[in-house]
Amino acid sequence: MMIFRIIRVELIKIRKRQAPWIMLGLFLISIAFYFLAVSSLADANPETTQADSMRLREGMRFPNGYDGLLQTTFRIGTILAVIFASLLTGSEYSWGTLRQVLSRGIPRTYFLVGKLVAIFFSLFIAMLITLFFGTGFMLAGDMIRGTIDFTLSDDFGWTITTDSLRVTMILIVYACIGFAASVITRSSAAGLGAGALFVFAEVLIFSALSILGGFWAELSHYAVYRLADDVLMANKFGQSSDFAGDWSFSPDWAAAILFLYIAILMVITFITFSRRDLKGAA
Amino acid sequence: MASTATQVKPIVSIRGLTKRFGKVTAVDQLDLDVYPEEVFGLLGPNGAGKSSLIGMILGLVRPNSGSITMFEIDALKNSRRALLDVGAIVEDPAFYPYLSGRDNLLALARIVGAKKAQCDDLLELVGLKQKGSQKYSTYSTGMRQRLGLASVLLNDPKVVILDEPTRGLDPAGANEFRDIVRDIAKTQGRSVLISSHILAEVEQTCDRVAIINKGKTLKQGPLEELLTHRGQSEFLVGDTAKAVSIAESIGFVAGTTGNESEIRVNVDVKDAASVNAALVMRGIDVMGIQPAKSDLESYFLELTASAEDQTES
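Bear in mind that the values here come from a model prediction, so they are computed numbers and not experimental data.

Would you mind showing me how to read the overall build of chain A here?
Each helix and strand counted, chain A has 12 helices and 0 strands in total. Reading chain A from its N terminus to its C terminus gives the helix and strand order α-α-α-α-α-α-α-α-α-α-α-α. Since a compact globule built from 282 residues should have a radius of gyration of about 19 Å, the 21 Å found for chain A is in line with a globular shape. Each of the three principal axes of chain A carries a C-alpha extent, and together these read 65 × 50 × 35 Å. Expressed as a percentage of the 282 residues in chain A, the buried residues total 49%. Nonlocal contacts in chain A, meaning residues at least 24 apart in sequence, comprise 78% of its contacts between residues at least 6 apart. Accessible surface, chain A: about 13,200 Å² in total, of which carbon and sulfur atoms supply 71%. Measuring between centres, the 22 positive side-chain charges of chain A sit 19 Å from its 20 negative side-chain charges.

So this is what it looks like as structure tokens:
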């Protein structure tokens, strides 16, 4: 089937491109840096109390360290997901390869679906790689401290799976934003700019709104970053309560609203792409 | 060549095609037919509407009105089926710079469902077999065009569409590319639709030509027909100056051609006999008579100028 062939080619293209590997490498370095930073804070900072040191060390041990690992993945990964999706989509415009492929009678929706599925799959793989390396960092730290312990709770497998999938889902939401921005602006640079602006501007705008109180504060609950935090409350490291100290959506409701947002965004993106002339500005 | 055989059905048929970008009409009520196994040239200056027309044929640009039929399939309603047997380079060849030439070809082959082995054959055909593993970003313009041509031939298309294919090539490269294009049509039995603003290129490569300007077809037909039978005859004479004055004295406009041994008389071919008689009767040696052939450039300029005049009036 043509759609599967397109997905396969998209995955091959991602595998053979340097940029995704560089991004993943930088991300893994930042994860390693996180473990090192927390470790040095626990071990060397004179202002850290013994109780805090114990808590920090415990938080880095296997399997407790997954919370910190996933939280860091969420914080850094969202912007990387925007960059990744923007690059992958926008460069098809700047290189002219979009015209090349579509002039062979490939349906436009197939092309977009193929790219989206490849992006989602890549993020999933990136999450697996992150878990692999994160586990390595945790175990390495435990070995150095001589505190290695492989005792796991009964629900460990389920918990780590669902927690990772929730973070992957949030990364996919942000990748969709980068993807849509690139398709609509027809450029990786513009898409990247629009996606990144959204990520940063949204936080600033809705934080300002929440300060205004009343209706505006209520509105801030519907911001993507707030909803993402609400979803990750199920992972026990969401920060919704930190914003205004007021109510937040349940993780399920937040996920449903995010899904609705992305569905609307994708419909707009697909319609725009299907109706647009792919010449001149392309 | 099937061009003159009117009973042969066109493989691509365009009727009343119109495309407007805002207030600008890029293609205006354009009609066009491309027949099997011919090289068809779309000739027009920059901005004439050639690329927009090709974009519409390939489903990249949505026309405002008109129809495109390919292989008797309505290409506007079912572009996927209609384009199954079409290979094209739109504007410049476009590939992924981080992949090798071969990997680029393989990627496209996978999408269109072509066989992997065909990629190597095509790389050999366009002379890139040795450089196939090199990254596309390191390719010269000529190599990029060749790879573009190889990609076009994936899946054995019946129609090949090339938009300004020799743009950026040096004269030797352009000449070689034209030979390959003619080979594609003549020995491999494909139809080639080629757009160009280079008159010599069209003259050397194409069997039939459509001259378009400001989105309209000014003239369409076999190249030979366009360049001959245009109301002029050429007389090969001994004394050109005297021949000119005789021809003019009997009411025909005459002038010498470049080599000073021929005169060109503005008469229909059927009137050539009376001019010949007048010349012979007055002692001019007429060594030969033939329908005058103008070059495409002068014809093109003549056509576009008269179109400009009509627009202004």
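Honestly, the layout of surface pockets in this entry has me stumped. Any pointers?
All names here are of chain A. Its boundaries defined by the atoms lining it, the largest pocket holds a volume of some 490 Å³. Lining of the largest pocket is provided by 22 residues; of these, L24, F84, S122, L123 and A126 occupy positions nearest its centre. Of all the elements in the fold, those that place two or more residues in the lining of the largest pocket are α1 (2–16), α2 (18–44), α4 (66–94) and α6 (108–145). Considering each element in turn, the lining of the largest pocket owes the most residues, 8 residues, to α6. Looking at the lining of the largest pocket residue by residue, the classes come out as 17 nonpolar, 4 polar and 1 charged.

What's the story with the interface of chain B and chain A in this structure? I'm lost.
By a widely used convention, the size of an interface equals the accessible area lost when the partners come together. With 35 residues of chain B at the contact, the number on the chain A side is 30 residues. Surface buried jointly by chain B and chain A totals about 3,000 Å² across both partners, of which 56% is contributed by carbon and sulfur atoms. Ranking the residues of chain B by area buried against chain A places L60, Y96 and I111 of chain B at the top, with a combined share of 23%. Taken together, chain B and chain A are joined by 3 salt bridges.

Sorry if this is basic, but what is going on with the pattern of salt bridges here?
Opposite charge on two side chains permits them to pair, given that their charged atoms come into close proximity. A full pass over the atoms with the stated rule returns 24 salt bridges over all chains. With a shortest N-O distance of 3.4 Å, K9 of chain B and E72 of chain B are connected by a salt bridge. In this pair, K9 of chain B sits in the segment before β1 (12–21) while E72 of chain B sits in the loop between β4 (65–70) and β5 (73–74), placing the two residues 63 residues apart along the sequence. In this structure, K9 of chain B and E72 of chain B share a single accessibility class: exposed. Its salt-bridge partner being D156 of chain B, residue R190 of chain B comes within 3.8 Å of it at the nearest N-O pair. Of this pair, R190 of chain B sits in the loop between α6 (171–186) and β8 (191–196) while D156 of chain B sits in the loop between α5 (141–152) and β7 (159–163), and the two are 34 residues apart along the sequence. Here R190 of chain B falls in the buried class, since its relative accessible area comes to 9%. Linked by salt bridges that have partners in common, E10, K13, E92 and K115 of chain A make up one network.

Looking at this structure, how should I read the environment of Q118 of chain B?
Residue and element names in this part refer to chain B. Take Q118: it is sitting in helix α4 (residues 116–125). You can call Q118 buried: its relative accessible area is 16%. Expressed as a C-alpha distance, the spacing of Q118 and L154, which sit 36 residues apart in the sequence, is 7.2 Å. Apart from residues lying up to four places away in sequence, Q118 is in contact with L153, L154, N155 and D156. Within the structure, Q118 has its side chain in polar contact with the backbone nitrogen of N155 (distance 3.2 Å). Engagement of the side chain of Q118 in a polar contact is seen with the side chain of D156, the distance being 3.5 Å.

Explain the sheet that holds β4 of chain B to me, please; I cannot follow it from the model alone.
To summarise the sheet geometry, strands pair through backbone hydrogen bonds and adopt either a parallel or an antiparallel arrangement. All names here are of chain B. With antiparallel pairing, the 4 strands of this open sheet are ordered in space as β2-β1-β4-β5. Edge positions in the sheet fall to β2 (24–34) and β5, since each of these pairs with one other strand and no more. Two strands pair when backbone bridges link them, and β4 and β5 are joined in this way by 2 bridges, in the antiparallel orientation. When the bridges of β5 are listed, M70 appears paired with I73.

Explain the side chain of S164 of chain A here, please?
All names here are of chain A. You can see S164 is positioned in helix α7 (residues 156–185). Within the structure, the side chain of S164 is placed 2.5 Å from the backbone oxygen of I160, a separation counted as a polar contact. Here S164 is in contact with L70, M127 and L131, once residues within four sequence places are set aside.

Quick question: what am I supposed to make of the packing of aromatic side chains here?
The way to describe two aromatic rings as a pair is by their centre distance and the angle between their planes. Using the criterion set out here, one finds 15 aromatic pairs over all chains in the structure. Ring centres of F62 of chain A and Y66 of chain A lie 6.0 Å apart, and the angle between their planes is 70°; this geometry places the pair in the edge-to-face category. Taken together, the ring pairs connect F62, Y66, F150 and F156 of chain A into an aromatic cluster. Over the face of the ring belonging to F21 of chain B we find K19 of chain B, whose NZ or CZ atom lies 5.1 Å from the ring centre. Sitting over the ring of Y136 of chain B, R144 of chain B keeps its end group 4.7 Å from the ring centre.

Conventions used here
In this numbering scheme, every chain counts its residues from 1 along its sequence in written order. Chains and ligands are labelled sequentially in the order written, the chains with letters from A and the ligands with numbers from 1. Where local features are concerned, this predicted model is filtered to residues with pLDDT of at least 70; where side-chain atom pairs are given and counted, the filter is 80 or more; whole-chain, interface and lining totals use all residues. Only hydrogens and water are set aside; all other atoms, that is, all heavy atoms of the structure, feed into the side-chain values. A run of DSSP states H or I qualifies as a helix once it reaches four residues; a run of E qualifies as a strand once it reaches two. Both are numbered from the N-terminal end. As defined in this context, the radius of gyration uses C-alpha atoms, and a globule is described by 2.2 Å times the residue total to the power 0.38. Classification of residues uses two cut-offs on accessible area relative to the type maximum, computed with a 1.4 Å probe and protein chains only: under 20% is buried, over 50% is exposed, and between them is partly exposed. Throughout, a contact is declared for two residues whenever any of their heavy atoms are within 4.5 Å. In short, Shrake-Rupley with a 1.4 Å probe defines the accessible areas, and a residue's cover is counted only from the protein chains shown. The sign given to each residue is positive for Lys and Arg and negative for Asp and Glu; His and the chain ends receive no count. Charge positions come from single atoms, namely NZ of Lys, CZ of Arg, CG of Asp or CD of Glu. Grid points spaced at 1 Å and placed over the protein atoms alone form the basis of the search, with a cavity being a set where a 1.4 Å probe fits but cannot get out and a pocket an open set showing protein on both sides within 12 Å along at least five of seven lines. Lining residues have an atom within 4 Å of a point. Grid points are joined across faces, edges and corners, and a volume is the space filled by probe spheres set on the points. Charged means Asp, Glu, Lys or Arg here, nonpolar means Ala, Val, Leu, Ile, Met, Phe, Trp, Tyr, Cys or Pro, and polar covers whatever is left, Gly included. Buried area is a sum: the accessible area each of two parts loses on coming together, probed at 1.4 Å, counted once for each and added. When a carboxyl oxygen of Asp or Glu is within 4 Å of a side-chain nitrogen of Lys or Arg, the pair counts as a salt bridge. Polar contact is the term for a pair of N or O atoms within 3.5 Å; when the atoms are in protein, one must be able to donate a hydrogen and the other to accept it, and sequence-neighboring residues count only if both atoms are side-chain atoms. Pairing between two strands is assigned when DSSP locates at least 2 bridges connecting them. For Phe, Tyr and Trp, rings pair up if their centres lie within 6.5 Å, where Trp contributes its six-membered ring, and each pair is then called stacked (planes under 30 degrees apart), edge-to-face (over 60) or tilted (otherwise). For a Lys NZ or an Arg CZ to count as sitting over a ring, it must be within 6 Å of the ring centre and within 35 degrees of the ring normal.

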